[in-house]
Amino acid sequence: MDGLVASLGMYGFPFVAEANARLWAVIGSHLRSAGVDAPIALDPAEPCNLWTSPGLIFGQTCGYPLVTALRDRVTLVATPIYSFDGCDGPNHCSFVVTSAISAKRSLAGFEGARAAINARDSNSGMNLFRGLLAPIARGRPMFSEVIVTGSHAASLAAVAEGAADIAAIDCVTYALLRRNRPEMLEGVATIARTQSSPGLPFVMNAELGKSLAAAVRVALFAALKDPGLADARETIGLKGAAILAEGDYRKVGEIERGAIALGYPDLA
């Protein structure tokens, strides 16, 4: 099969690039042994630019696009299990942060403030945050401005530098930065946690078929058990994966519908 691509860019920080490459090298090797012409290397393109690629054999997306724009377009391969605070099996949450020098510690105190989000279609940066704020907003706009930063790291920087007052940061990103770039967290304080929902799933293009999806799962779980990858998995914080049904991701949509029912359809 020609034209296949693989991506692990959702947590694609430079300090985990080698570990991600090693993880894929083993997954790809198992697939090639099974007769699949899997790519040798990960594609460096932005993950969102590969989610709808007809050749996507292995990628990672966000739970919100999975149940919205990507519904029926990708196959759910597995959901990673991370070892970090805020993760509970395949579920994760977001940490709400503000400036370390801010006196505000109650979410209600941020009415009229400036919020930073990584993307409008982010579960961890927007949807979980919206669900947390909806009972407080009471059907009114919560913020004077919502700044779309493009990444959780940029949202953290916006809060630390005073360009924004509050943001919700995916707990895996938070942990990876705390471990590898602790200076990025020095200017922020955590004031709340969102509820949990299934984490960022591993996916592939739905048109590639169920038999290939099964082969990818076998290769993934072989890599997760490979003793030679123990240090790479530790670097990523990846301790396993769970086979979830697409119905398990209904929680993401339920959080959205709950906010809409409370009169808060958009994070604003």
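Preceding block: the structure.
The model shown is predicted, which means the values in this text are computed figures rather than measured ones.

Colleague: Just to check I follow, could you spell out the sheet that holds strand S7 (residues 114-117) for this structure?
Modeller: Sheet strands pair by backbone hydrogen bonding; their relative direction is either parallel or antiparallel. The five strands are arranged S8-S7-S9-S6-S10 in an open sheet whose pairing can be described as mixed. Of all strands in the sheet, those with a lone pairing partner are strand S8 (145-148) and strand S10 (188-193), marking the two edges. For this sheet, the mean angle separating the axes of adjacent strands, direction not counted, is 30°. Where helix H4 (residues 152-161) meets the sheet, its contacts fall on strand S6 (94-99), S7, strand S9 (166-170) and S10, and the angle it forms with S9 comes to roughly 150°. Sheet strands touched by helix H5 (residues 171-180): S6, S9 and S10. Its angle to S9, the strand with the most contacts, is close to 85°.

Colleague: In this structure, what is going on with the packing of aromatic side chains? I would like to understand it.
Modeller: The way to describe two aromatic rings as a pair is by their centre distance and the angle between their planes. The final tally for this structure, using the stated rule, is seven aromatic pairs. Here phenylalanine 129 and phenylalanine 143 contribute two aromatic rings whose centre-to-centre distance is 6.1 Å and whose plane-to-plane angle is 35°, an arrangement assigned as tilted. In this pair, phenylalanine 129 is assigned in helix H3 (residues 123-137) and phenylalanine 143 in the loop between H3 and S8, connecting sequence segments 14 residues apart. In terms of burial, phenylalanine 129 and phenylalanine 143 fall into one category: buried. The ring centre of phenylalanine 110 lies 5.4 Å from the NZ or CZ of lysine 104, which sits over that ring.

Colleague: I keep staring at H4 and nothing clicks. Help me out?
Modeller: Owing to its 3.6 residues per turn, the α-helix brings residues three or four apart onto one side. Of all the residues in H4, the buried ones are His152, Ala153, Ser155, Leu156, Ala158 and Val159. On the buried face of H4, the contacting elements are S6, S7, H3, S9, H5 and S10. Positioned one or two residues after H4, glycine 162 has a phi angle of 90°, which is positive.

Colleague: What should I look at first to understand the pairing of strand S2 (residues 56-60) in this one?
Modeller: In terms of residue burial, S2 counts as a mostly covered element, since five of its five residues are buried. Where strand S1 (residues 5-6) lies against S2, two bridges are found, and the strand directions are parallel. Within the sheet, the bridge partner assigned to alanine 6 lies in S2 and is phenylalanine 58. Each parallel crossover has a hand, and for S1 linked through helix H1 (residues 17-33) to S2 it is left-handed.

Colleague: I'm lost on the sheet that holds strand S5 (residues 91-92) in this one. Help?
Modeller: Taking strand neighbours across the sheet as the criterion, the three strands line up as S4-S5-S11 in an open arrangement whose pairing is antiparallel. A strand with exactly one partner marks an edge of an open sheet, and here the two such strands are strand S4 (87-88) and strand S11 (197-198). Sheet analysis places S5 next to S11, joined by two bridges and oriented antiparallel. Bridge assignment links asparagine 91 to a residue of S11, and that residue is proline 198.

Colleague: How should unusual backbone geometry be read in this particular structure?
Modeller: In most cases, non-glycine residues show a negative phi, while peptide bonds are predominantly trans. A positive phi is found at aspartate 72, a non-glycine position, where the angle reads about 70°. You can see aspartate 72 is positioned in the loop between helix H2 (63-67) and strand S3 (74-82). Its identity as a non-glycine residue notwithstanding, arginine 138 has a phi of 55°, on the positive side. Structurally, arginine 138 is set in the loop between H3 and S8.

Colleague: I keep staring at the pattern of salt bridges and nothing clicks. Help me out?
Modeller: Between side chains of opposite charge, a pair can form when the charged atoms approach closely. Tallied over the entire structure, the rule returns seven salt bridges. Of the charged contacts in the structure, one is a salt bridge between arginine 22 and aspartate 231, with a shortest N-O distance of 3.1 Å. Taken together, the positions of arginine 22 in helix H1 and aspartate 231 in helix H7 (residues 230-236) put the pair 209 residues apart, joining distant regions of the chain. We classify arginine 22 as partly exposed; its relative accessible area is 28%. Salt-bridge contacts for aspartate 85 lead to arginine 193; the nearest nitrogen and oxygen are separated by 2.7 Å. Of this pair, aspartate 85 sits in the loop between S3 and S4 while arginine 193 is found in strand S10, placing the two residues 108 residues apart along the sequence.

Colleague: Looking at this structure, I do not really get the packing of H1 against helix H6 (residues 210-225). What am I missing?
Modeller: Relative placement of two packed helices is described by the angle separating their axes and the distance separating the axes. Running from amino to carboxyl end, H1 crosses H6 at an angle of 135°, the nearest separation of the two axes being 8 Å. One element, H1, and the other, H6, form an angle in the oblique class. The way H1 lies across H6 gives a crossing that is right-handed. Residue-level contacts link Leu23, Val26, Ile27, His30 and Leu31 of H1 to Ala215, Val216, Ala219, Leu220, Ala222 and Ala223 of H6.

Colleague: Can you walk me through empty space enclosed by the protein in this structure?
Modeller: Where empty space is left becomes clear once a probe the size of a water molecule has been rolled over the atoms. Inspection of every chain in the model, using the stated rule, returns one cavity of 30 Å³ or more. In this structure, the largest cavity spans a volume of roughly 50 Å³. Surrounding the largest cavity, Leu8, Tyr11, Asn20, Leu23, Gln60, Tyr82, Phe202, Ile236 and Leu238 form its lining. Class assignment for the residues of the lining of the largest cavity results in seven nonpolar, two polar and no charged.

The rules behind the values
- Residues numbered from 1 in each chain as written.
- Predicted model: local features only at pLDDT ≥ 70, side-chain atom pairs only at ≥ 80, totals over all residues.
- Heavy atoms only, no water.
- Pairing = 2+ DSSP bridges.
- Helix = DSSP H or I, 4+ residues; strand = E, 2+ residues; numbered from the N terminus.
- Axes fitted to C-alpha atoms, helices over the stretch in contact; angles between N-to-C directions.
- Contact = heavy atoms within 4.5 Å.
- Phe/Tyr/Trp six-rings, centres within 6.5 Å; stacked < 30°, edge-to-face > 60°.
- Buried < 20%, exposed > 50% of the residue type's maximum accessible area, 1.4 Å probe, protein only.
- Lys NZ or Arg CZ within 6 Å of the ring centre and 35° of its normal.
- Right-handed = clockwise from strand over helix to strand, strands pointing away.
- Salt bridge = Lys/Arg side-chain N within 4 Å of Asp/Glu carboxyl O.
- Parallel < 35°, antiparallel > 145°, perpendicular 65-115°, else oblique.
- Left-handed = near helix turned anticlockwise from the far one by under 90°.
- 1 Å grid on protein atoms, 1.4 Å probe; cavity = no way out; pocket = protein on both sides within 12 Å on 5 of 7 lines; lining within 4 Å.
- Points joined across faces, edges and corners; volume = space filled by probe spheres on them.
- Nonpolar A, V, L, I, M, F, W, Y, C, P; charged D, E, K, R; others polar.

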